[in-house]
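Overview (structure and organization)
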Amino acid sequence: MATMKSVQTGMVGKVDVVDIGRPVPGPKDALIRIRACGICGTDTHFLYLGGIPFGPGGSMIPLPLGHETAGEIVEVGAEVADLNVGDRVVVNPQDAPTGIIGCGGRFGGMSEYLLVENAVVGKSVAVFPHTVPFDVAALNEPMAVARHCVNRSEAKPADKVVVFGAGPIGLGATIWLKLRGVEHVVVADVIPERLETALAVGADAVINSAQEDVTARLAELHGQAANALGQPRAGTDIYIDAAGAAGVFNATIASAKWGAKLVMVAVQKKGADIDLGGMLRSELTLIASQGYPTEIFEVTAEIAEHHERFAKLISHRVPFADVTQAFELTLTPGAAEKVVVTFDDQP
């Protein structure tokens, strides 16, 4: 049996690179040679758990990692339509019948090869042009998350928006907002290098929230407005929480005008007391954004069209031979923005 290398959870906070059997596609399946796979916050979450509690008595078992994948078709089953050997594809990790790829399912995308079960173009995979580098194509899945957030915001061109958090999702939301024609987008973060990237991808202004008064700066950038009681507030229409920091909620409440919206796309890392009275005084609408119900391949063509812009989100490209170091880099706070593992040197 042919084998391949695959990354899975090891001891808590560590990954293991193991040799496993290379999948063999059935008549409805396709086999992809992975060429790039991004590392996500979900991956690091599983690392801290040390796997998933599906073993006897709730014990942890290793979990195949990786769901932000791009690669090329190397084999297709006899019943697969619209896919050919050599096609470059991105994958919908949530469409796998044996469980979400890299998130508790049978297969992980941080492997030399990935089996796509029941391969259907537009459902489980999408083809992208050869003009797009594999590492940028691997952003398809997180950019679908960012796109759903922007879709949920229903942002209009005349709106003024602030995005809290200049990680991949926040920066992706910034790009989608500007491509949507939104008039003014501000990005707030505490890391200067991330704020520089925000400007590079199209943000109209940035706020270093560790050094500046967010409310005052937003009022300066977006004008003065008021809440339901006539108290002065910033003219910002939409707040997007892509940071997951408890302070974002209260910073929003302190700034929000009457009828503003807060879209929560980040996973909250720690709870906090929220000024519900302040929400009431602004009639602040809280909108939750989870995953990408329809957006997974809605974004593919636009990423291809604007691939040079999206490439700016990648801070580190690490060869698969150094995948352990790639995860260590991701786990180090502030050390990286977006790490993509590349497989160009693999057979």
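Below is a summary of the structure that appears in this document. Since the structure is predicted, the reported quantities are computational estimates derived from the model, not experimental observations.

The subject of this paragraph is the overall build of the chain. A tally of helices and strands in the chain yields eleven helices and 17 strands. The C-alpha radius of gyration computed for the chain amounts to 21 Å, which stays within 12% of the reference 20 Å derived for 347 residues, consistent with globular compactness. In terms of overall dimensions, the chain has a C-alpha envelope of 70 × 45 × 30 Å along the principal axes. Here the contacts in the chain between residues at least 6 apart in sequence split such that 66% fall between residues at least 24 apart. By element, 54% of the accessible surface of the chain is carried by carbon and sulfur atoms, the whole surface being about 14600 Å². Distance from the positive charge centre (27 side chains) to the negative charge centre (40 side chains) of the chain: 3 Å.

Further remarks concern the nonpolar core. The biggest cluster of nonpolar side chains holds 50 residues, and the ones touching the most others in it are Val163, Trp176, Leu177, Val187, Ile240, Phe310 and Leu313. Counting residues per element, this core draws most heavily on helix α3 (residues 140-153), which supplies six residues. With residues up to four places along the chain from it excluded, the contact list for Phe310 reads Val136, Leu139, Met143, Ile175, Trp176, Glu302 and Ile303. With 35 residues, the next largest nonpolar core counts Leu65, Val89, Leu115 and Ala336 among its residues.

Read from one edge of the open sheet, six strands run β10-β9-β8-β13-β14-β15, paired in parallel fashion. Of all strands in the sheet, those bounded by a partner on one side alone are β10 (205-208) and β15 (285-288). Averaged over all adjacent pairs, the angle separating strand axes in this sheet is 20°, with direction ignored. One ladder, built from five bridges, connects strand β8 (residues 160-164) with strand β9 (residues 184-189); its direction is parallel. Bridging across to β9, Phe164 finds its partner in Ala188. The sheet contacts of helix α4 (residues 168-179) involve β8, β9 and β13 (238-241), and relative to β9 the element is tilted by about 175°. Taken strand by strand, helix α5 (residues 192-200) contacts β9 and β10, and its axis lies near 170° from that of β10.

This brings us to the pattern of salt bridges. Under the defined criterion, the tally for this structure stands at 15 salt bridges. Salt bridges sharing partners connect three or more residues here, namely Arg33, Arg35, Glu72 and Asp344.

Successive side chains on a regular strand alternate, one facing one side of the sheet and the next facing the other. Counting buried residues along strand β3 (residues 30-38), nine of its nine residues qualify, which places the element largely inside the surrounding structure. Note: β3 against strand β4 (residues 68-76), eight bridges, orientation antiparallel. Looking at the pairing, Ile34 lines up with Gly71 of β4. Pairing geometry for β3 and strand β6 (residues 113-116), over four bridges, is antiparallel. Residue pairing in the sheet places Leu31 in a bridge with Leu115 of β6. By the bridge criterion, three bridges tie β3 to strand β17 (residues 339-342) in an arrangement that is antiparallel.

Glancing now at the packing of aromatic side chains. By the definition in use, this model includes three aromatic pairs. Between Trp176 and Phe310, the aromatic rings sit 5.1 Å apart at their centres with planes inclined by 50°, giving tilted as the arrangement. A residue pair is termed long-range when its members are at least 10 positions apart, and Trp176 in helix α4 and Phe310 in helix α10 (residues 307-310) qualify at 134 residues. Between Phe320 and Phe343 the ring centres are 4.6 Å apart and the planes differ by 20°, which places this aromatic pair in the stacked class. Residue Phe320 is found in the loop between β16 (316-319) and α11 (323-331), and its partner Phe343 is found in the segment after β17; the two are separated by 23 residues along the sequence. For Phe343, a relative accessible area of 1% puts it in the buried group.

You can see Val299 is positioned in the loop between β15 and α9 (300-305). In this structure Val299 comes out as buried when scored by relative accessible area, which is 0%. With 151 residues separating them along the chain, Val299 and His148 place their C-alpha atoms 9.8 Å apart. Once you skip the residues sitting within four places of it in the chain, Val299 turns out to touch Asn140, Met143, Ala144, Arg147 and Trp176.

In the structure shown here, the tally under the stated rule is zero disulfides. Free cysteine Cys103: the closest other cysteine sulfur is in Cys40, separated by 7.0 Å. Classification of Cys103 by relative accessible area gives partly exposed; the value is 24%. Among the cysteines around Cys149, which has no disulfide bond, Cys40 carries the closest sulfur, lying 15 Å off. Under the relative-accessibility criterion, Cys149 is labelled buried at 0%.

Reading the values: rules and limits
- Residues numbered from 1 in each chain as written.
- Predicted model: local features only at pLDDT ≥ 70, side-chain atom pairs only at ≥ 80, totals over all residues.
- Heavy atoms only, no water.
- Helix = DSSP H or I, 4+ residues; strand = E, 2+ residues; numbered from the N terminus.
- Rg over C-alpha atoms; globule rule 2.2 N^0.38 Å.
- Contact = heavy atoms within 4.5 Å.
- Areas by Shrake-Rupley, 256 points an atom, 1.4 Å probe, with all protein chains shown as cover.
- Lys, Arg positive; Asp, Glu negative; His and termini not counted.
- Charge placed at Lys NZ, Arg CZ, Asp CG, Glu CD.
- Core = buried A, V, L, I, M, F, W, Y, C linked by side-chain atoms within 4.5 Å.
- Buried < 20%, exposed > 50% of the residue type's maximum accessible area, 1.4 Å probe, protein only.
- Pairing = 2+ DSSP bridges.
- Axes fitted to C-alpha atoms, helices over the stretch in contact; angles between N-to-C directions.
- Salt bridge = Lys/Arg side-chain N within 4 Å of Asp/Glu carboxyl O.
- Phe/Tyr/Trp six-rings, centres within 6.5 Å; stacked < 30°, edge-to-face > 60°.
- Disulfide = S-S within 2.5 Å.

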